[in-house]
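# Report on the structure
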Amino acid sequence: MTAYIVRRLLYAIPILIGVNLLTFMLFFVVNSPDDMARMHLGQKRVTEESIQSWKAERGYDRPLLYNAEAGGLASLTDTILFQKSVKLFVFQFGSSDAGRDIGYDISQRMWPSLAIAVPVLLIGLAFNISYALFIVFFRATYVDIGSVVLLVAMMSISGLFYIIGGQFLIGKLWHLVPISGYDQGLNAWKFLILPVIVGVVGGIGAGTRWYRTLFLEEIGRDYVRTARAKGLSERVVLFRHVLRNALIPILTGVVVVLPLLFMGSLITESFFGIPGLGSYTIDAISNQDFAIVRAMVFLGAVLYIIGLILTDISYTLVDPRVRLE
Amino acid sequence: MRDWIERSWIAILGLLALALTGCNESAWNDPYPAADAEANIYYSSFAERPKHLDPARSYSSDEYAFLAQIYEPPLQYHFLLRPYRLVPLSAAEVPEPRYFDAKGNPLPEDAPVDAIDHSDYLIRIQPGIRFQPHPAFARTDDGRYRYHDLRPSDLSGINRLADFEATGTRELTAEDFAYQIKRLAAPWSHSPIAGLMREHIRGFGELADQLAGLESADELERVAALRQANLSGVEVLDSQTLRIRLEGKYPQFQYWLAMPFFAPMPWEADVFYAQPGLAERNITLDWYPVGTGPYMLSENDPNRRLVLERNPNFHGESYPSEGMPEDQDSGILADAGQPIPFIDRAIYSLEKEDIPRWTKFLQGYYDSSGISSDAFDQAIQIDASGEPMLTEVMRERGISLLTSVEPSIYYMGFNMLDPVIGGDSERARLLRRAISIAVDFEEFISIFANGRGLVAQSPLPPGIFGHREGEAGINPFVYEWRNGRPERRSLDEARVLMEQAGYPNGVDRETGRTLSLNYEAVATGPDDRARLNWIRKQFAKLGIELVIRSTDYNRFQEKIRNGTGQVFMWGWNADYPDPENFLFLLYGPNGKVEHQGENAANYANPEFDRLFDAMKYMEDGPERQALIDQLVEIARRDAPWLWGFHPKSFSLHHRWLLNAHPNQMANNTLKYRRLDPAQRQAARRDWNPPILWPLWVVGGVLVLLVLPAWWMVRRRERSTAL
């Protein structure tokens, strides 16, 4: 297994280089270093000298991809692409274009993101699996049909609707929790209730439908028939046999998103005023802060790769037949 | 196992009881700690974090909302008097310029501009002003600066400015003002007014050139060089007196003295922040200001909130005793002569979306608010005379509305370098005038600004010297004065102008093809599409085909810079309340393409430029008014802009927030505001009782669903196959 993990980590290097290159190309197709300078220097009375000075200070005065004047190896290394990318691979994110330390900001902002994402994942998982098992228990009855209709309807509704509807009903109309905001430490609990409820309810439609499909696929298998023939109750069949055997696809979906929980949610954090990494990324895009965008995309790619490796490892834990070679 | 379950239940019930006890003191949805319920704290919000808090760099109203409470430039605008009047802030009095010829002989105030070689501003500082507590001033027992020689080991555990144990202060001196002006010249400060000040402050350009060589130097070296550097136009005469020498005459300089650019900066702060390791910890001057004002920034977490706290070293100031005649009855002078500031703390929370911001205002958690388009109908109704008034719901809550016309203009510009729509030909002039009539900005304001705007008749907004009201103030090329008010000329008149221009019904007489113009736009959402369709229809009234060229803001700016656009919309917020700050937008040597100036239409008329040169340094008076009238007349005739509108600001305030008064030039108005926290807390309780029945309903529904399901599961399990 160690050899397999090492091999996967080595595969990650060209993937990360590709992701970084793609981010670089896409960003600079839309924004030139001059545009970035103008954005940071403001709207009024911006002179060409101040733009050049801003670019020189942050290393954006080099050529983007190839420095014809430098010659030799420097023609590739003395470029914005190389200078801004190479340190990412040792997780040195450097300073944002506004001068803030990105590593510190990430370390501060990942906690609010996790404070929402973890409860949403755990509560959502527990509820969706329970509900899916309940539907499967009553498969091919009106309970099943009614639930599927309800789930499809819930899937069809935009996530934004849940957020605004939740804020309107729970925060504005019923005055039960603050409509938005955040506080540090344990004082954050009352600000988390609403986004967590919205996150869980918004995920019920797709989540439960997915688990229902998995359980229905398992329930037609031979081992289930055998279990029933042995006289086991339906409840035991579902919880002890079907649920365990459906764990592999469930793990595929869950473990892969675990590392990405750090990255936060773009819309939820913005609407609820949560200072997480999702809103950090959105702000960076709107402020044309390439340093942050590049760092966040790189981090996202790394975490996704880690998620995939963890998923593979988890297969071996839940299914003894799987061997990583 | 049973014990464990019992203990868990007791813990849960205990926590619940604790939570409910806390909730008894404040509403369940109160986003603030219960301990602050009746504290003298002002609550507001911000949508975007301030990009810069360094007074040398900051140049946006969002940032000034914080900076102006912290830094004290020499002058400020009087809170109540209109037209806007400069009064001393950290200076002892408003400095009067003194003029001299090339030989240094004094000249009278009315000396011709050409005769003036330089002008001097003698600024005397009020004695006894002290800086806010700050680690940069902290000293050891033997008198050395405690934090001016930090080693890496000293910085372990330091992540915020507040992590430094000791603070200190010292008295403000004239040297601090001189140091800040030198900072404006330093290229690494990226001051947006460096280019402008180079033209005016003697020796500024030389200093900037001299410092340019230090851009790649170590930060501490830069600061040392800046302290040593000599700026010939700024001389410290004694610890309380500063003389600033300007080239020629520049009376608008007084207004700049009321902006944070000229706020004093202690060299100790620059040395402190320049030390290695602090920038990596996000401890910079751009993040943690050092001022002498009524408030200091005690918490800067722009991901969550910014907190201003009363500066314990504030020198003191009194609430103004003078106001306009109408202020006598409005109660705004009730606190005349009282020491300010009244409020202990101001908390600005990050609120990116309009819906939660507006809801929190209605719940009493923000003391004042603007009005988003979505909430406009809920807050405002227009009465029979067309005046805005609060809706019944707002009035019941005791909310008050303040409106004022902003010293700004949004205009539709024609690129005067374009061969079709621009230029000085009579054909193009008539075409522009016809379009000026056809584009109905009254309708634009009504649809897209909820009526919050005043149609512009010239570049000058109301409240700026030179603006004329009534019949004398209308643009006769677009309006007629009828029944005591301006009426837009008819479309028929516009069509006649089109015909005279050679475009009958929008068809080019020479080519026989429909006239097609390009409109450069920044479009980001569905609202923009409605606006762009509306603009297209306005041009279609004259048979002109308007091609909308939507793009992102970067490309839009590029087109304007390169002069490749034809028609566009642009805006300008005044730096100071002087007509020069608006009319310079049409000054030829300020053209965007040729001179990278702010004249985005690239309008150049030698007669206009000549008159502008004569007007810009003149004192306000009949002579200046006559010149402004001529300038406006020329601009109206040439129509390089479609004058657009001056936006009106609408703000709402709760009844417990006192002394809220619109002042579009002053940003340091927090110190005048007063609160009644007890009244606020009572209102919050009344307005936010928790509605519990939905919880019971949800619980009941769950029970109703779970019990039958459980019963059915049990029944199915117990049933037999037959």
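Residues numbered from 1 in each chain as written. Chains lettered and ligands numbered in written order. Predicted model: local features only at pLDDT ≥ 70, side-chain atom pairs only at ≥ 80, totals over all residues. Heavy atoms only, no water.

### Overview of the overall build of chain B
Put simply, the rule is: The helix count covers DSSP runs of H or I at least four residues long, the strand count covers runs of E at least two residues long, and both are numbered beginning at the N terminus. To sort residues, take the accessible area from a 1.4 Å probe on protein chains only and compare it with the maximum for the residue type: under 20% means buried, over 50% means exposed, and anything in between is partly exposed. Whether two residues are in contact is decided by their heavy atoms: any pair within 4.5 Å suffices.
Looking only at helices and strands, chain B features 23 helices and 27 strands. By its C-alpha atoms, chain B is 95 × 85 × 55 Å across when sized along the principal axes. Taken over 722 residues, chain B has a buried fraction of 55%. Contacts in chain B between residues far apart in sequence, at least 24 positions, make up 71% of those at least 6 positions apart.

### Quick notes on the overall build of chain A
What counts, and what does not: Per-residue and other accessible areas follow the Shrake-Rupley method at a 1.4 Å probe size, with only the shown protein chains counted as cover for residues.
The secondary structure content of chain A amounts to 15 helices and zero strands. C-alpha extents for chain A along the principal axes are approximately 85 × 55 × 35 Å. Counting the 325 residues in chain A, one finds 49% classified as buried. Considering only contacts within chain A whose residues lie at least 6 apart along the sequence, 68% involve residues at least 24 apart. For chain A, the accessible area works out to roughly 15400 Å², and carbon and sulfur atoms hold 68% of it.

### As for the domain arrangement of chain A
Residues and elements named next belong to chain A. The condition that has to hold: Domain ranges listed in this record stem from an automatic or a database domain assignment. A quick way to say it: buried area is the sum, across both parts, of accessible area lost when two parts are put together, with a 1.4 Å probe.
According to the domain assignment, chain A consists of domain 1 (1–90) and domain 2 (102–318). On a C-alpha basis, the centres of domain 1 and domain 2 stand 34 Å from each other. Listed per partner, the contact involves 23 residues of domain 1 and 19 residues of domain 2. Carbon and sulfur atoms make up 76% of the area that domain 1 and domain 2 hide from each other, which totals about 1900 Å².

### Topic: the packing of helix H12 (residues 247–257) of chain A against helix H15 (residues 290–318) of chain A
Residue and element names in this part refer to chain A. Our working rule: Think of each axis as a best-fit line through the C-alpha atoms, taken over the contacting stretch in the case of a helix, with angles from 0 to 180 degrees between the N-to-C directions. What sets the label is the angle itself: under 35 degrees gives roughly parallel, over 145 gives roughly antiparallel, 65 to 115 gives roughly perpendicular, and the rest give oblique. We call a crossing left-handed when the near helix sits turned anticlockwise from the far one by less than a right angle, and right-handed when that turn is clockwise.
The N-to-C vectors of H12 and H15 enclose an angle of 150°; their axes lie 8 Å apart at closest approach. Put simply, H12 runs roughly antiparallel to H15. As H12 packs across H15, the resulting crossing turns out to be right-handed. Taking contact as the criterion, the partners of Ile248, Leu251, Thr252, Val255 and Val256 in H12 are, on H15, Tyr304, Gly307, Leu308, Leu310, Thr311, Ser314, Tyr315 and Val318.

### Brief notes about the pattern of salt bridges
For clarity, the threshold we go by: The salt bridge criterion pairs a side-chain nitrogen of Lys or Arg with a carboxyl oxygen of Asp or Glu, the two atoms within 4 Å.
Within this structure, the stated rule accounts for 63 salt bridges over all chains. Here glutamate 299 of chain B ties to arginine 305 of chain B by a salt bridge, and the two come within 3.0 Å at their closest N and O atoms. In this pair, the class of glutamate 299 of chain B matches that of arginine 305 of chain B, namely buried. One salt bridge connects arginine 395 of chain B with glutamate 392 of chain B, and the closest N-O pair in it is separated by 2.7 Å. Pair noted here: arginine 395 of chain B and glutamate 392 of chain B are both in helix H12 (residues 392–396), with a separation of three residues, about one helical turn. One continuous salt-bridge network, built from bridges that share partners, spans Asp183 of chain A together with Glu299, Asp301, Arg304 and Arg305 of chain B.

### Comments concerning the packing of aromatic side chains
Residue and element names in this part refer to chain B. For clarity, the threshold we go by: Here a Phe, Tyr or Trp ring, Trp counted by its six-membered ring, pairs with any other such ring whose centre lies within 6.5 Å, and the pair is stacked when the planes are under 30 degrees apart, edge-to-face when over 60, and tilted otherwise.
Enumeration over the complete set of coordinates arrives at 54 aromatic pairs over all chains. Consider the rings of tyrosine 32 and tyrosine 365, whose centres lie 6.2 Å apart with planes at 75°: the pair is edge-to-face. Remark: tyrosine 365 occurs in the loop between helix H10 (354–362) and strand S14 (368–369) and tyrosine 32 occurs in the loop between helix H1 (2–25) and strand S1 (41–46); sequence separation between them is 333 residues. By the burial criterion, tyrosine 32 is buried, and tyrosine 365 matches it.

### Structural notes on the interface of chain B and chain A
You'll often see interface size given as the accessible area lost when the parts meet. Counted only if it meets this: We call two N or O atoms a polar contact when they sit within 3.5 Å, provided that within protein one can donate a hydrogen and the other can accept it, with sequence-adjacent residues counted only if both atoms are side-chain atoms. All residues other than Ala, Val, Leu, Ile, Met, Phe, Trp, Tyr, Cys, Pro, Asp, Glu, Lys and Arg, Gly among them, are scored as polar; the first ten of these are nonpolar and the last four charged.
Contact residues are listed per partner, giving 65 residues for chain B and 57 residues for chain A. A buried area of about 5400 Å², summed over both sides, lies between chain B and chain A, and 49% of it is on carbon and sulfur atoms. There are four salt bridges connecting chain B and chain A. Close ionic contact of aspartate 183 of chain A with arginine 304 of chain B constitutes a salt bridge, the shortest N to O distance being 3.3 Å. At the junction of chain B with chain A, the criterion picks out 22 residue pairs in polar contact (both at pLDDT 80 or more). Of all the secondary-structure elements, those providing two or more residues to the side of chain B that touches chain A are H10, helix H17 (553–562), strand S24 (567–573) and helix H23 (693–718) of chain B. Of the residues belonging to the side of chain B that touches chain A, the class tally is 30 nonpolar, 15 polar and 20 charged.

### So, the nonpolar core
For clarity, the cut-off: Here, nonpolar core means buried Ala, Val, Leu, Ile, Met, Phe, Trp, Tyr and Cys residues that are tied together by side-chain atoms lying within 4.5 Å of each other.
Among the nonpolar cores identified, the biggest contains 99 residues, and Phe164, Ile244, Phe253, Trp256, Phe262 and Phe272 of chain B are the most heavily contacted of them. Not counting the four nearest positions on each side in its chain, phenylalanine 253 of chain B is found in contact with Tyr121, Met197, Ile201, Ile244, Leu246 and Phe262 of chain B.

### Some thoughts on the domain arrangement of chain B
Residues and elements named next belong to chain B. Splitting chain B by domain gives domain 1 (45–288) and domain 2 (412–649). Averaged C-alpha coordinates put domain 1 and domain 2 at centres separated by 38 Å. Domain 1 puts 13 residues into the contact, and the matching count from domain 2 is nine residues. Summed over both partners, the interface of domain 1 with domain 2 comes to about 1000 Å²; 57% of that surface belongs to carbon and sulfur atoms.

### As for the UniProt feature "domain: ABC transmembrane type-1" (unreviewed entry) in chain A
For the record, the criterion: UniProt positions are given in the numbering used here, feature names are shortened, and annotations may be inferred rather than shown by experiment.
Mapped onto this numbering, the UniProt entry gives "domain: ABC transmembrane type-1" (unreviewed entry) at residues 110–314 of chain A. A helix fraction of 79% and a strand fraction of 0% characterise residues 110–314 of chain A, whose end C-alpha atoms lie 24 Å from each other.

### Overview of the sheet that holds strand S4 (residues 98–100) of chain B
Residue and element names in this part refer to chain B. How we decide: When DSSP finds at least two bridges between two strands, those strands are taken to pair.
With antiparallel pairing, the five strands of this open sheet are ordered in space as S5-S4-S6-S8-S7. Both edges of this open sheet fall to strand S5 (106–107) and strand S7 (234–238), since each of them pairs with a single strand only. Relative to strand S8 (residues 241–247), S7 runs antiparallel, the two being bridged by four bridges. In the strand pairing of S8, valine 236 is matched with leucine 242. Strands in contact with helix H3 (residues 174–185) are S7 and S8; relative to S7, the strand with the most contacts, it is inclined by about 175°.

### Let's talk about the side chain of aspartate 144 of chain A
All names here are of chain A. Within the secondary structure, aspartate 144 is located in helix H7 (residues 142–156). Given the relative accessible area of 7%, aspartate 144 is considered buried. Those residues in contact with aspartate 144 that lie beyond four places of it in its chain are Ile135, Phe138, Arg139 and Arg212.

### Side note on helix H1 (residues 2–30) of chain A
All names here are of chain A. As a reminder, the rule being used: An expected span of 1.5 Å times one less than the residue number is assigned to each helix.
For H1, spanning 29 residues, the distance from its first C-alpha to its last is 42 Å, which sits close to the expected 42 Å at 1.5 Å a residue. Residues of H1 that are buried include every one of Tyr4, Arg8, Ala12, Leu16, Asn20, Thr23, Phe24, Phe27 and Phe28, and no others. Contact partners of the buried residues in H1: helix H2 (33–41), helix H5 (80–85) and H15.

### What to know about the sheet that holds strand S13 (residues 345–350) of chain B
All names here are of chain B. The strand order S1-S13-S10-S9 describes an open sheet built from four strands, whose pairing is mixed. In this open sheet, the two edge strands, each paired with only one partner strand, are S1 and strand S9 (295–301). Across the sheet, the axes of successive neighbouring strands diverge by a mean angle of 20°, strand direction being ignored. Pairing of strand S10 (residues 305–310) with S13, which is carried by five bridges, proceeds in the antiparallel orientation. Across the sheet, the residue bridging to glutamate 309 is arginine 345, located in S13. Along the sheet, helix H2 (residues 61–70) makes contact with S1, S9, S10 and S13, crossing S9 at roughly 140°.

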